[in-house]
Amino acid sequence: MTTTLTRAVPHRPPAPPPPPRRRRTSWWPYLLIAPTVLATAFLLLYPVGRNLVISLQEFGLPQLVRGDARFVGLANYTRVLTDPEFWSVVRRTLVFTAINVVLIMVLSTLVALLLVRLGRWTRLLVMSGLVLVWATPVIAATTVFQWLFQSRLGVVNWVLVELGLDRYRDYTWFADGPATFAILVTLIVWQSVPFAALSLYAAMVTIPAELYEAARIDGAGAWRAFTSITFPVLRAMFGLITCLEVIWVAKAFVQIWVISQGGPGRATTTLPVYAFQVAQSLQRYDLGAAVSTLMVLLLVLALLAYFRQLYRQEDVT
């Protein structure tokens, strides 16, 4: 009988895995973008910082020439905030911004929905027109609107007279406050709709078509599909474009200054125009800087409140 003897082999634990290689941090991408970041930071932060410093100084024409401005603390802000004219301008700016932004968002949404439903060549034609409007320089567009509403040779007066409204013969639009206000609203809305409409259209085409097909099978109409699918899915995009339009409208200066310079009277004086008038007409650059700083602060507070409400809605949904 043969017996097979086996020698016990001692158990060896498995070798530990090699330590992970430490990835070397490459600074090359950061060095490439550093000049752009620094230049952008300088162009954005330096004017804001300089404006803030001037708002805390006594800075008029003599100080601009001599360079001996002295700090006066919050005296400029106290003077501005206790001026009833400032609060009148603030109310006018809020009304002006609200009217423009509501019209821009409504018209842009309608144009974007139209682009989704148009055929290829018709959509291309409409988008080309929107791009041309968007690319038109502000001064050029403002000058065209001045010609359109000119009292004697303006196209608008001619069309209205031809339609039988003879009271608009030689009507001076820019001598009437509400009329000038309405013209400025029309101009800014006309300039702003292309960007918002094209942005919303680009977002709408990313929504799966199956969602609309399912809604159509369930009997949902166009309004129900928009409120149940389009707007909820693109809520963040609508919020972003609204914020951008608020900033664009609130800081509008060139259109107002070229057409009316804040007049007639003060019917179209908004915060940017008011700050420029105080700084240049009165040569009180410190008060103008204070008004500008307060305008930026109001914009920041309004946008923060809007984003807070938007995030709350996102958390609920």
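Residues numbered from 1 in each chain as written. Predicted model: local features only at pLDDT ≥ 70, side-chain atom pairs only at ≥ 80, totals over all residues. Heavy atoms only, no water.

Engineer: Give a detailed account of a nonpolar patch on the surface, specifying residues and quantitative values.
Structural biologist: Together, W27, W28, Y30, L31, L32, I33 and V37 line one region of the surface with nonpolar side chains, adding up to about 850 Å² of accessible area. By the secondary structure assignment, V37 is in helix α1 (residues 28-55). (Patch = residues over 30% accessible without salt bridge, like charges linked within 9 Å, V, L, I, M, F, W, Y side chains within 5 Å. Areas by Shrake-Rupley, 256 points an atom, 1.4 Å probe, with all protein chains shown as cover. Salt bridge = Lys/Arg side-chain N within 4 Å of Asp/Glu carboxyl O. Helix = DSSP H or I, 4+ residues; strand = E, 2+ residues; numbered from the N terminus.)

Engineer: Report on the nonpolar core, specifying residues and quantitative values.
Structural biologist: Counting residues in hydrophobic clusters, the biggest one holds 47 residues, and the most contacted among them are F96, W173, L200, M204, L234, F238 and V249. Those elements giving two or more residues to this core turn out to be α4 (84-117), α6 (138-148), α8 (177-204), α10 (222-233), α11 (235-250), α12 (254-259) and α14 (285-316). Per-element accounting of this core gives the leading share, 16 residues, to α8. Beyond its immediate sequence surroundings of up to four residues, V249 is in contact with F96, T97, N100, V101, I104 and I188. (Core = buried A, V, L, I, M, F, W, Y, C linked by side-chain atoms within 4.5 Å. Buried < 20%, exposed > 50% of the residue type's maximum accessible area, 1.4 Å probe, protein only. Contact = heavy atoms within 4.5 Å.)

Engineer: Describe in detail the packing of aromatic side chains, supporting the description with residues and values.
Structural biologist: Across all of its chains, the model carries 19 aromatic pairs by this definition. Considering the side-chain rings of F42 and Y46, the 5.3 Å spacing of their centres and the 15° angle between planes classify their relative orientation as stacked. Here F42 and its partner Y46 are both found in helix α1, four residues apart, which amounts to about one turn of the helix. Ring centres of F86 and W87 lie 5.2 Å apart, and the angle between their planes is 75°; this geometry places the pair in the edge-to-face category. For W87, a relative accessible area of 37% corresponds to the partly exposed category. Members of the aromatic cluster, connected to one another through ring pairs, are F145, F149, Y168, Y171, W173 and W190. For the cation-ring pair, R120 lies above W121, with the distance from its terminal atom to the ring centre recorded as 5.3 Å. (Phe/Tyr/Trp six-rings, centres within 6.5 Å; stacked < 30°, edge-to-face > 60°. Lys NZ or Arg CZ within 6 Å of the ring centre and 35° of its normal.)

Engineer: Describe the environment of G60, naming the residues involved and giving the relevant values.
Structural biologist: Looking at the secondary structure, you find G60 in the loop between β1 (57-58) and α2 (61-66). Each C-alpha atom of the pair G60 and V189 lies 36 Å from the other, and the pair is 129 residues apart in sequence. Apart from residues no more than four positions distant in its own chain, G60 is found in contact with Q283 and Y285.

Engineer: Would you mind going over the layout of surface pockets in detail, with residue names and values included?
Structural biologist: As a volume, the largest pocket reaches approximately 650 Å³. Together, 31 residues line the largest pocket, and L113, M204, F226, T230 and F231 are the ones closest to its centre. Put simply, the parts of the chain that give the lining of the largest pocket at least two residues each are α4, α9 (209-217), α10, α11 and α14. No other element matches the seven residues that α4 contributes to the lining of the largest pocket. Lining the second largest pocket are 14 residues, with L94, T97, V246, L299 and A302 positioned closest to its centre. Only α4, α11 and α14 provide two or more residues apiece to the lining of the second largest pocket. The biggest single contributor to the lining of the second largest pocket is α4, with seven residues. Of the residues assigned to the lining of the second largest pocket, the class counts are twelve nonpolar, two polar and no charged. (1 Å grid on protein atoms, 1.4 Å probe; cavity = no way out; pocket = protein on both sides within 12 Å on 5 of 7 lines; lining within 4 Å. Points joined across faces, edges and corners; volume = space filled by probe spheres on them. Nonpolar A, V, L, I, M, F, W, Y, C, P; charged D, E, K, R; others polar.)

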